[in-house]
Amino acid sequence: MGSAKKLDRLKSKAREIKRNLFVLYFAYRDPRVSWFAKMFAVLVVAYAFSPIDLIPDFVPVLGYLDDLILVPLGIILALKMIPQAVIDDCRAKAEEARTAAKPKNWAMGVLFILIWLLLVLWVGSVLFKSGVFR
């Protein structure tokens, strides 16, 4: 019985994280949100949905630690940067989107891919300049 309650709590937390990611997605598109909060929200959502992790998942324990700590922490920080009225509006939109069709924004997908490509290019150039590839 106790393990069923724990599992229900975990499922509830996972649903809350997913809902908050959609809230950040809608907040990014809201003009009342500052540019800094928008960029931070984009980075959090990109990291959460990206198949590329800071610490690869095959690394024992640490691989999942970034997903369990960094993503929720990023969500909390991003939500603190956004005005409460915007969060309330975006929560309503997220709930509406959850019950309707899933949102598709190809521009955001391309943006996520470009951010990761730029990051890889930057790291590669830093490593090349430091002499690692010579």
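You'll find the structure just up there.
Just so it is clear, the model here is predicted, and its values are computed rather than measured. (Residues numbered from 1 in each chain as written. Predicted model: local features only at pLDDT ≥ 70, side-chain atom pairs only at ≥ 80, totals over all residues. Heavy atoms only, no water.)

Observations concerning the overall build of the chain
Move 1: When helices and strands are counted, the chain shows five helices and zero strands.
Move 2: When the helices and strands of the chain are read in sequence order from the N terminus, they spell out α-α-α-α-α.
Move 3: Per-residue burial over the chain gives 27% buried out of 134 residues.
Move 4: The long-range share in the chain, meaning contacts at least 24 apart out of those at least 6 apart in sequence, stands at 63%.
Move 5: Summing over all exposed atoms, the chain offers an accessible surface of approximately 9800 Å²; the carbon and sulfur share of this is 71%.
Move 6: Of the side chains in the chain, 19 bear a positive and 11 a negative charge, and the two mean positions are spaced by 1 Å. (Helix = DSSP H or I, 4+ residues; strand = E, 2+ residues; numbered from the N terminus. Buried < 20%, exposed > 50% of the residue type's maximum accessible area, 1.4 Å probe, protein only. Contact = heavy atoms within 4.5 Å. Areas by Shrake-Rupley, 256 points an atom, 1.4 Å probe, with all protein chains shown as cover. Lys, Arg positive; Asp, Glu negative; His and termini not counted. Charge placed at Lys NZ, Arg CZ, Asp CG, Glu CD.)

Side note on the pattern of salt bridges
Once the charged atoms of two side chains with opposite charge are near each other, the side chains can pair.
Move 1: Inspection of the entire model under this criterion finds three salt bridges.
Move 2: For Asp-30, the salt bridge goes to Arg-32, with nearest N and O atoms at 2.9 Å.
Move 3: Overall, Asp-30 belongs to the buried group, its relative accessible area being 5%.
Move 4: Judged by its relative accessible area of 44%, Arg-32 falls in the partly exposed class. (Salt bridge = Lys/Arg side-chain N within 4 Å of Asp/Glu carboxyl O.)

What to know about the packing of helix H1 (residues 2–28) against helix H4 (residues 84–99)
Move 1: It is the contact of H1 with H4, at a shortest axis distance of 8 Å, that shows an interaxial angle of 115°. In this structure, the crossing between H1 and H4 has a hand that is right-handed. Across from Arg-19, Asn-20, Phe-22, Val-23, Phe-26 and Ala-27 in H1, the residues of H4 making contact are Val-86, Ile-87, Cys-90, Arg-91, Lys-93, Ala-94 and Ala-97.
Move 2: Split by residue class, the contact of H1 with H4 holds nine nonpolar, one polar and three charged. (Axes fitted to C-alpha atoms, helices over the stretch in contact; angles between N-to-C directions. Left-handed = near helix turned anticlockwise from the far one by under 90°. Nonpolar A, V, L, I, M, F, W, Y, C, P; charged D, E, K, R; others polar.)

Topic: helix H5 (residues 106–130)
Move 1: With 25 residues, H5 should cover 36 Å at 1.5 Å per step; its first-to-last C-alpha distance of 36 Å lies within 8% of that length.
Move 2: Packed against the buried residues of H5 are H1 and helix H2 (35–49).
Move 3: Looking one or two places after H5, you find Gly-131, whose phi comes out positive at around 95°. (Expected span 1.5 Å × (residues − 1).)

Quick notes on the nonpolar core
Move 1: One finds Leu-24, Ile-75 and Ile-82 to be the most contacted residues of the largest nonpolar core, which totals 27 residues.
Move 2: Looking at this core, the elements with two or more residues in it are H1, H2, helix H3 (62–81), H4 and H5.
Move 3: If we ignore the near neighbours within four places in the chain, the residues touching Leu-24 are Ala-41, Val-44, Val-45, Ile-75, Ala-78, Leu-79 and Ile-82. (Core = buried A, V, L, I, M, F, W, Y, C linked by side-chain atoms within 4.5 Å.)

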